[in-house]
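An overview of the molecular structure
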Amino acid sequence: MDSATRQAPGDAGLYGPGSATWAIHGHPVAWIGGVRALYLQALHPAALRGVFGASDYRADPWGRLIRTAEFVGVTTFGSAPQARAAAERIRLMHARLEVDDPHLLRWVHCCEVESFLDVALRSGGPRVDADAYLAEQAANAWLVGLDPKDVPADRAALGEYFDRMRPELAAGQEARQVARFLLVPPMPNQVRLLTPALPAWVVLSAVAFDTLPGWARRLYRVPRPPGADLSVGLLLRTLRGAVDLLPEQVRQGPHQRAAVARLAGQ
């Protein structure tokens with residue numbers, strides 16, 4: 001293992017176990033936030049053509065989702081050298097694909113952190129300082145090639161950012177295609193027919209869509225029905241409660257388990 005990826009015992013990485021980022025990214029409901037972020041990101045036509053168009057999400061949707069989850073996992077729970085190495089790889093990829101426009105990267109970043117935060121708060125987990133989470137994410141926005149001072153660092157600034165961005169947003173044909181693709185993505189026949197993966201994914205993706213803010217749903221031409229916020233909040237809390245019944249080793253992802261062992265000096 002080289003110096004760029006070494007896991008030094010006691011290395012808490014960029015955040016550490018007492019951080020809001022660990023609390024939010026470390027729970028499986030964060031997957032719903034990740035899918036929600038994709039629905040939001042697709043509403044920016046330039047981002048859709050750039051970040052989405054340069055990727056292979058249609059040919060390899062699971063690979064793209066897993067690579068995104070891997071990046072979040074490494075930068076959240078990995079050692080500092082591991083996080084820096086992952087950041088260097090993502091920045092080089094953005095430069096190679098010519099999708100390193102700060103304006104679009106900021107949109108992608110803000111959709112992600114707002115989505116993770118929204119799902120975490122609405123799912124009723126332990127109290128998390130929302131502004132602390134956003135400040136942590138802003139401080140480390142350099143990971144994807146952004147200047148931290150240009151990224152919203154609290155809820156007020158994040159809300160103002162989305163207000164400013166709304167004139168640039170639209171749900172054209174391509175965005176609606178992405179939404180349909182996210183709801184029912186292609187799967188190998190043996191997975192689709194012999195496992196519960198498809199219905200499980202459809203439920204997860206539908207819940208993620210239902211958590212979108214009203215303005216986003218209106219752009220997609222799927223208005224929120226009366227009482228939807230309460231029902232979605234109840235469903236999120238139910239899902240979180242069910243997951244919390246699982247053993248901790250099952251709830252924790254591999255990066256989080258490795259971080260716990262690293263901090264314990266194992």
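What counts as what
- Residues numbered from 1 in each chain as written.
- Predicted model: local features only at pLDDT ≥ 70, side-chain atom pairs only at ≥ 80, totals over all residues.
- Heavy atoms only, no water.
- Axes fitted to C-alpha atoms, helices over the stretch in contact; angles between N-to-C directions.
- Helix = DSSP H or I, 4+ residues; strand = E, 2+ residues; numbered from the N terminus.
- Parallel < 35°, antiparallel > 145°, perpendicular 65-115°, else oblique.
- Left-handed = near helix turned anticlockwise from the far one by under 90°.
- Contact = heavy atoms within 4.5 Å.
- Nonpolar A, V, L, I, M, F, W, Y, C, P; charged D, E, K, R; others polar.
- Phe/Tyr/Trp six-rings, centres within 6.5 Å; stacked < 30°, edge-to-face > 60°.
- Buried < 20%, exposed > 50% of the residue type's maximum accessible area, 1.4 Å probe, protein only.
- Arc of directions from axis to C-beta.
- Polar contact = N/O pair within 3.5 Å; in protein donor to acceptor, adjacent residues only side chain to side chain.
- Salt bridge = Lys/Arg side-chain N within 4 Å of Asp/Glu carboxyl O.
- Patch = residues over 30% accessible without salt bridge, like charges linked within 9 Å, V, L, I, M, F, W, Y side chains within 5 Å.
- Areas by Shrake-Rupley, 256 points an atom, 1.4 Å probe, with all protein chains shown as cover.
- Lys, Arg positive; Asp, Glu negative; His and termini not counted.
- Charge placed at Lys NZ, Arg CZ, Asp CG, Glu CD.
- Disulfide = S-S within 2.5 Å.
- Expected span 1.5 Å × (residues − 1).

**Remarks on the packing of helix α6 (residues 102–122) against helix α7 (residues 130–139)**
Helix-helix packing: each pair is described by the crossing angle between the helix axes and the interaxial distance. Viewed as axis vectors pointing N to C, α6 and α7 meet at an angle of 155°, and their least axial separation amounts to 11 Å. With respect to α7, the element α6 is oriented roughly antiparallel. In the packing of α6 onto α7, the handedness of the crossing is right-handed. Between α6 and α7, the residues in contact are H109, V113, F116, L117 and L121 and A130, Y133, L134 and Q137, respectively. Tallied by class, the residues present in the contact of α6 with α7 amount to seven nonpolar, two polar and no charged.

**With respect to the packing of aromatic side chains**
Scanning the model with the defined rule gives eight aromatic pairs in all. Their ring planes at 65° and their centres at 4.9 Å tell us that W22 and F77 sit as a pair that is edge-to-face. One end of the pair, W22, is in helix α1 (residues 20–25); the other, F77, is in helix α4 (residues 61–77), with 55 residues separating them in the sequence. As far as burial versus exposure is concerned, W22 and F77 are alike and both buried. Ring geometry for Y39 against Y220: centres 6.4 Å apart, planes inclined by 85°, an arrangement best described as edge-to-face. Separated by 181 residues along the polypeptide, Y39 in helix α2 (residues 30–41) and Y220 in the loop between α12 (214–219) and α13 (228–244) bring together distant segments of the chain. Assigned by exposure class, Y39 and Y220 land together as buried. An aromatic cluster of three or more residues is present, and its members are W107, Y161, F162 and W215.

**Observations regarding helix α8 (residues 155–165)**
Among the residues making up α8, those that are buried are L158, Y161, F162 and M165. Down the axis, α8 shows its buried residues gathered within 95° of arc, on one side only. Looking at α8, the residues exposed on the side facing more than 90 degrees away from the buried face are D163 and R164. On its buried side, α8 packs onto α6, α7 and α12. Measuring from the backbone nitrogen of A156 back to the side-chain oxygen at the start of α8 gives 3.2 Å, which picks out D154 as the cap.

**Some points on the pattern of salt bridges**
In the structure shown here, the tally under the stated rule is six salt bridges. The partner of D147 in a salt bridge is K149, and the shortest N-O contact between them spans 2.4 Å. In this structure, a network of salt bridges that share partners links the residues R36, E114, D118, R122 and D229.

**Here we look at a negative patch on the surface**
On the surface, a cluster of negative charge is contributed by D129, D131, D154, E160 and D163. Note on placement: D131 falls in helix α7.

**What about the environment of H44?**
With respect to the helices and strands, H44 occurs in the loop between α2 and α3 (45–52). On the basis of relative accessible area, H44 is assigned to the buried category, the value being 4%. Sequence separation of H44 and L97 is 53 residues, and the distance between their C-alpha atoms is 18 Å. Non-local contacts of H44, meaning those with residues more than four positions away in its chain, are made with H103, L104, W107, M165, E168 and L169.

**Focus: the state of the cysteines**
Between two cysteines, a covalent bond joining their sulfur atoms is known as a disulfide. On inspection of all chains with the given rule, the structure shows zero disulfides. Cysteine C110 remains unbridged, with the sulfur of C111 as its closest cysteine sulfur at 7.3 Å. According to the relative accessible area criterion, C111 is buried, its value standing at 0%.

**Focus on α6**
Here α6 spans 30 Å end to end across 21 residues, near enough to the 30 Å set by a 1.5 Å rise per residue. The element α6 is largely enclosed, with a buried count of 17 among its 21 residues. Positive phi shows up at G124, right after α6, with a value of about 75°.

**Some remarks on the side chain of T76**
Here T76 is to be found in helix α4. Looking at T76, its side chain comes within polar contact range of the side chain of H25, at 2.8 Å. Separated by 2.7 Å, the side chain of T76 and the backbone oxygen of V72 make a polar contact.

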